[in-house]
Amino acid sequence: MSFEPFEILRSRTIVLPQKNIDTDQIIPARFLTTTSRKGLGKAAFYDWRYDVDGRPRNSSIFNGVDPDTHRILVAGSNFGCGSSREHAPWALYDFGFRAVISSDIADIFKSNALKNGLLPIEVDDETHEYLLSHPGAEVVVDLEKELVGVLGGGKSATFKVEAFARRCLLDGVDPLGHIMNQTDAIKAYEEARA
Amino acid sequence: MTAKSLFDKLWERHVVVPEAEDSPAVLYIDLHLIHEVTSPQAFTALAERGLKVRRPDLTLGTLDHSTPTLPANAKGELPYATPEAKAQVEQLRKNCEEHGVMLLDLGDPRRGIVHVVGPELGATQPGKTIVCGDSHTSTHGAFGALAFGIGTTEVGHVLATQCVLQRKPKSMRVTFEGKLQPGVGAKDMALAMIAQIGADGGQGYAIEFAGEAVRGLSMDGRMTLCNMSIEAGARSGMVAPDETTFEWLKGRDFSPKGEAWDAAVADWRSLTTEEGAHFDKEVVVDAAAIHPMVTYGVSPDAAAPVDGEAPMASTEVERSAAEYMRINGGKPFHDTAVDRVFIGSCTNSRLSDLREAAKVFAGRHVKNGLIALVVPGSEAVRRAAEEEGLDRIFIDAGAEWREPGCSMCIAMNGDQGAPGELVVSTSNRNFVGRQGKGVRTVLASPATAAASAIEGRIADPRPYLSAV
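Since the model is a prediction, treat every value here as computed from it, not as a measurement. (Residues numbered from 1 in each chain as written. Chains lettered and ligands numbered in written order. Predicted model: local features only at pLDDT ≥ 70, side-chain atom pairs only at ≥ 80, totals over all residues. Heavy atoms only, no water.)

Novice: Give a description of the packing of helix H2 (residues 40-48) of chain B against helix H3 (residues 83-99) of chain B that names residues and reports values.
Specialist: All names here are of chain B. In contact at an axis separation of 10 Å, H2 and H3 are set at 40 degrees when each is read in the N-to-C sense. Here H2 is positioned oblique relative to H3, judged by the angle of their axes. For the pair H2 and H3, the crossing hand works out as left-handed. Here Pro40, Phe43 and Leu46 of H2 lie close against H3, whose contacting residues are Gln88, Gln91, Leu92, Asn95 and His99. (Axes fitted to C-alpha atoms, helices over the stretch in contact; angles between N-to-C directions. Helix = DSSP H or I, 4+ residues; strand = E, 2+ residues; numbered from the N terminus. Parallel < 35°, antiparallel > 145°, perpendicular 65-115°, else oblique. Left-handed = near helix turned anticlockwise from the far one by under 90°. Contact = heavy atoms within 4.5 Å.)

Novice: Could you give an account of the pairing of strand S6 (residues 147-150) of chain A, with specific residues and numbers?
Specialist: Residue and element names in this part refer to chain A. Alignment of strand S5 (residues 138-142) against S6, held across four bridges, turns out to be antiparallel. Pairing of Asp142 across the sheet is with Leu147, part of S6. The hairpin formed by S5 and S6 contains four residues between the paired strands, and Glu146 there has a positive phi angle of roughly 50 degrees. Two elements, S6 and strand S7 (residues 155-158), share four bridges in a ladder whose sense is antiparallel. Its bridge partner lying in S7, Val148 is registered against Ala157. Two successive antiparallel strands, S6 and S7, enclose a turn made up of four residues, where Gly152 displays a positive phi of approximately 80 degrees. (Pairing = 2+ DSSP bridges.)

Novice: So what about the pairing of strand S19 (residues 440-443) of chain B? Which residues, and what values?
Specialist: All names here are of chain B. Going residue by residue along S19, you find Arg440 and Val442 tucked away on one face and Thr441 and Leu443 tucked away on the opposite face as well. Relative to S19, strand S18 (residues 422-425) runs parallel, the two being bridged by four bridges. When the sheet's bridge partners are listed, Val423 is paired in S19 with Thr441. (Buried < 20%, exposed > 50% of the residue type's maximum accessible area, 1.4 Å probe, protein only.)

Novice: Run through the nonpolar core, naming residues and quoting values.
Specialist: Residues and elements named next belong to chain B. By size, the foremost hydrophobic cluster in this structure holds 77 residues, and its most contacted members are Val174, Phe176 and Phe209. Ranked by residue count, the leading element in this core is helix H6 (residues 186-197), at eight residues. Both domains that meet at this core, namely domain 1 (7-166) and domain 2 (170-243 + 266-288), each give it at least three residues. Those residues in contact with Phe176 that lie beyond four places of it in its chain are Met189, Met193, Phe209, Ala210, Gly211, Glu212, Ala213, Val214, Leu225, Val285, Ala287 and Ile290. (Core = buried A, V, L, I, M, F, W, Y, C linked by side-chain atoms within 4.5 Å. Domains from an automatic or database assignment.)

The following block contains the structure:
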């Protein structure tokens, strides 16, 4: 695993208010012919950033946004729906994102994101609405306390991350190592069924 | 004793280590399907840790996503979209060889789309847990299996340990009450259900499909229905196995034989949902009221009866979808011109899908200027279709008959629409740009896609299906 352990994240937001942003938007399928997981940031939201001829779109929300200061993506509900491509969180992480906030994040994307240092945060509708209507807000995410707060807005909310995935992110627990520690149980299971 | 659902039974059978507050269950996987797009990085992760594939005998590879559907040239070179696509294919070949994994390689008469060949070989069986780095793995649930898509990191976990870490999802039963009308099929059921519950209506759930209309479906139809579970946000969909299932599986390459078959069937018969079993959510769909369905937006839940019109856009999201699709509310679907038709994908590329399309195409011709692609799901489907002369029907109708693969569903092998084109497609996703930059996708059944190819407009297939 080659992502940074998740500490307290303090950053500005980029807001994509659309519902159902699918993984084909996050990274179009033509970028999936790679056999590596590296360098996919350039493909992130490619067709939102560039037109059909590959020219930067004047209207792109990503224009002029510094990925170093805007590490939190706020998106409409059902973010990350569609295909299981892990290339989606790889691309978002490589682009600079460290967290995605929505009211509801698609299952497979959520699972993939958690394995790659990209924190999926599901917040209540009111907080979601607030964040959607305040693009560029400065937000603090505390994974240990499962707390997200907006600086200057006095707004804060709790969120839940699956307990094991949280440990993996905070303490660098390795999920494959965790399963491999159960090798005896796996062997016993196989023998019992043989 | 508490009554159990099919899902409860499948789950319990595969728990190696039960879930606890601080850790998910370790769940055993009976069949791991791999393909060229989502596996290379998993094999790299394995190599980095010096690990081998734990159970190559439970792992099966195929090539489908990046492979061309046009034949090789005179020099025997396949027309790959890019050198990377070719490299990806070669990488899977190398990985399978190194780890002793069976690969349905190019030229293998059993090769095809991963969710078509698993069942065809009889590798997909009731009672199994099945995973693949592909969201449409839900397809295999049609056999009474617990089947779900996983990411590449998890592909690595399964390669190394034959297990995944999972928390048990919530359960939902979708009951299709009543009988389908003539000319209405599994694809229409799927789209009607998604329109009813929404693209995230199944999120966090494992769905069991039940009811008279589901029981009445062929295995091909059940696969289509379970395939689309993920378009409602559910990672898995399943149908309890019955005589239709057993009859379909009998005699296939990987199916048990002789006494083992009898024992397997006896066990599979126990894989039903008991009376009174608990579901976290129940949904009822009026099957008898379903018409042939088409989508009009950029999410699969934007679906409506083909003989009607798109609803008026009422939100900003709907307005922007209508603008992209150029399908405005209040306008009959039949007014929308079609540029291209795609019949194929893991949703609708099986023999019965092709028969359904051929029924419409027979003795007719696609609209002048319209491009129609028919892509069988596997080599076996292709051979069976050709034996029945379906290929001649498609070709005589002016459609192209291609080599098996995912083709225009994911459009990463070079098969795609041109910017602005409207494509009526039997695939599963109408996302913006999914079938090519700026391409507008309308999802439909094979019959509706074929009728639309004939008319050059979005068309109701029923007049074609009822006429003898």
